[in-house]
Every structure is written in structure tokens, then in C-alpha cells.
Amino acid sequence: MNTRVVDTNEYVSALRELAEEGRVVSMLIAGSSMSPFLCHNRDYIYFTRPDRELRRGDMVFYQRDTGQYVMHRIYKKKTDGYYMAGDAQTQIEGPLRRDQIFARIIKVKRKGKILRPGNFWWEFFEHVWIRIIPLRKVVEKGYSLLSWKKQ
């Protein structure tokens, strides 16, 4: 089996071009900022150019001014731009300009199953989890303690 090493920025740039043409593009998740909803090297995202007004809770793909590509949720939209946070984060990033956002995630493959808007977990992370950023660490600690006691 031949292995080919590809520059991440070049790869994502090529996927960005396809998404901006209106195609649906898939990509394996790299990184842990969207945990617990999406996991590194396990889950996939499917994205395309935004087809509607972006709103709180949407998962979007954007490019920072540094050139780095990031996929997070919109925490809030204000007149000065968009503010973002990953599901595993308590820090809010922003403001980001609308032209930095090039795609909206329209479905995911999580634990081998396709999830879309309307799925319980999709809706939970989009509407509930995004609103409890200050409480996330407490919720995760409680969950860890419960999981540990079951062992």
C-alpha cells in the first residue's frame, strides 16, 4: 500500500474550492476541539457553501487570518462579526468576518452513523451545549465521575 503525505493547508484549500462551487465535501475530523460531539480520527464532517443565513449553533468551516483552517460552532453573531467556540472549549474566538467563513457543516458521520439536523445529538449540541459554555467543565467532570463509578 502506498502512503502519500499531503500538506494539510493544500488539502483543505482544495476541499474549500469544491465546497465554494456548491459541492458537498467530506473530511475526517482532526483535532479535539469539537469533542464530545465529534472525535479525532473517528468522525467525518460533510460541508458545502452556506445556503442560508448563518446562525447560532451552526457548525462552520473558516480560515483564520493566520491561514489556519478551523471548524467550530457559531456562538453568537454581532454587528462586528461572528464569535466561535469548539464544543470542547470555553474560550470564545472572534470577531470573525463573514468572508472568512466558507462552509457550513450539513451532516456528520459520528460513530459510523450519519447525523443531520433533527437528530437528538445534533440538536442538543446546536441548541443546548452552545448555551452552557461556562458550565461545560462542570458537566464533563460530573459525567467523568459517573462513568468512573460504573467501572
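The present account deals with the structure reproduced in this document. (Residues numbered from 1 in each chain as written. Predicted model: local features only at pLDDT ≥ 70, side-chain atom pairs only at ≥ 80, totals over all residues. Heavy atoms only, no water.)

1. Observations concerning the overall build of the protein chain
In step 1: The helix and strand tally for the protein chain stands at 3 helices and 8 strands.
In step 2: Starting at the N terminus and walking to the C terminus, you meet the elements of the protein chain as α-β-β-β-β-β-β-β-β-α-α.
In step 3: Expected size for 151 residues packed as a compact globule is a radius of gyration near 15 Å; at 16 Å, the protein chain falls within 12% of this value.
In step 4: Dimensions of the protein chain, computed from the C-alpha atoms along their principal axes, are close to 50 × 50 × 30 Å. (Helix = DSSP H or I, 4+ residues; strand = E, 2+ residues; numbered from the N terminus. Rg over C-alpha atoms; globule rule 2.2 N^0.38 Å.)

2. Notes on the pattern of salt bridges
In step 1: Inspection of the entire model under this criterion finds 10 salt bridges.
In step 2: Among the salt bridges present, the one from Glu20 reaches Arg16, with a minimum N-O distance of 3.0 Å. Note that Glu20 and Arg16 are positioned in helix H1 (residues 8-20) at a spacing of 4 residues, about one turn of the helix.
In step 3: Its relative accessible area of 15% is what places Arg16 among the buried residues.
In step 4: When the shortest N-O distance is used, the salt bridge between Arg23 and Glu21 registers 3.4 Å.
In step 5: Residue classification places Glu21 among the partly exposed residues on the basis of a relative accessible area of 49%. (Salt bridge = Lys/Arg side-chain N within 4 Å of Asp/Glu carboxyl O. Buried < 20%, exposed > 50% of the residue type's maximum accessible area, 1.4 Å probe, protein only.)

3. Digging into the pairing of strand E3 (residues 59-63)
Side chains on a regular strand alternate between the two faces of the sheet.
In step 1: Across the 5 residues of E3, 4 count as buried, placing the element largely inside the fold.
In step 2: Both E3 and strand E4 (residues 69-78) contribute to a ladder of 5 bridges, which runs antiparallel. Along E4, the bridge assignment pairs Tyr62 with Val70.
In step 3: Between E3 and E4, which pair antiparallel in sequence order, lie 5 residues; one of them, Gly67, sits at a positive phi of approximately 100°.
In step 4: In this sheet, strand E7 (residues 101-110) lies alongside E3 in antiparallel orientation, the contact comprising 3 bridges. Paired with Tyr62 across the bridge in E7 is Ile101. (Pairing = 2+ DSSP bridges.)

4. Description of a positive patch on the surface
In step 1: On the surface, a cluster of positive charge is contributed by Arg56, Lys76, Lys78 and Arg131.
In step 2: Within the element layout of this structure, Lys76 appears in strand E4.
In step 3: Judged by its relative accessible area of 34%, Lys76 is partly exposed. (Patch = residues over 30% accessible without salt bridge, like charges linked within 9 Å, V, L, I, M, F, W, Y side chains within 5 Å. Areas by Shrake-Rupley, 256 points an atom, 1.4 Å probe, with all protein chains shown as cover. Lys, Arg positive; Asp, Glu negative; His and termini not counted. Charge placed at Lys NZ, Arg CZ, Asp CG, Glu CD.)

5. What to know about the packing of aromatic side chains
In step 1: The tally for this structure, following the rule as stated, stands at 13 aromatic pairs.
In step 2: Measuring from ring centre to ring centre gives 5.1 Å for Phe47 and Phe61, while their planes differ by 70°; the resulting arrangement is edge-to-face. Of this pair, Phe47 sits in strand E2 (residues 44-48) while Phe61 sits in strand E3, and the two are 14 residues apart along the sequence.
In step 3: Residue Phe47 is classed as buried on the basis of its relative accessible area, which comes to 1%. (Phe/Tyr/Trp six-rings, centres within 6.5 Å; stacked < 30°, edge-to-face > 60°.)

6. Observations concerning the pairing of strand E5 (residues 81-85)
In step 1: Within E5, 5 of the 5 residues are buried, which leaves the element mostly enclosed by the surrounding structure.
In step 2: Pairing geometry for E4 and E5, over 5 bridges, is antiparallel. Paired with Lys78 across the two strands is Gly81, which belongs to E5.
In step 3: Both E5 and strand E6 (residues 93-96) contribute to a ladder of 2 bridges, which runs antiparallel. Paired with Tyr82 across the bridge in E6 is Leu96.

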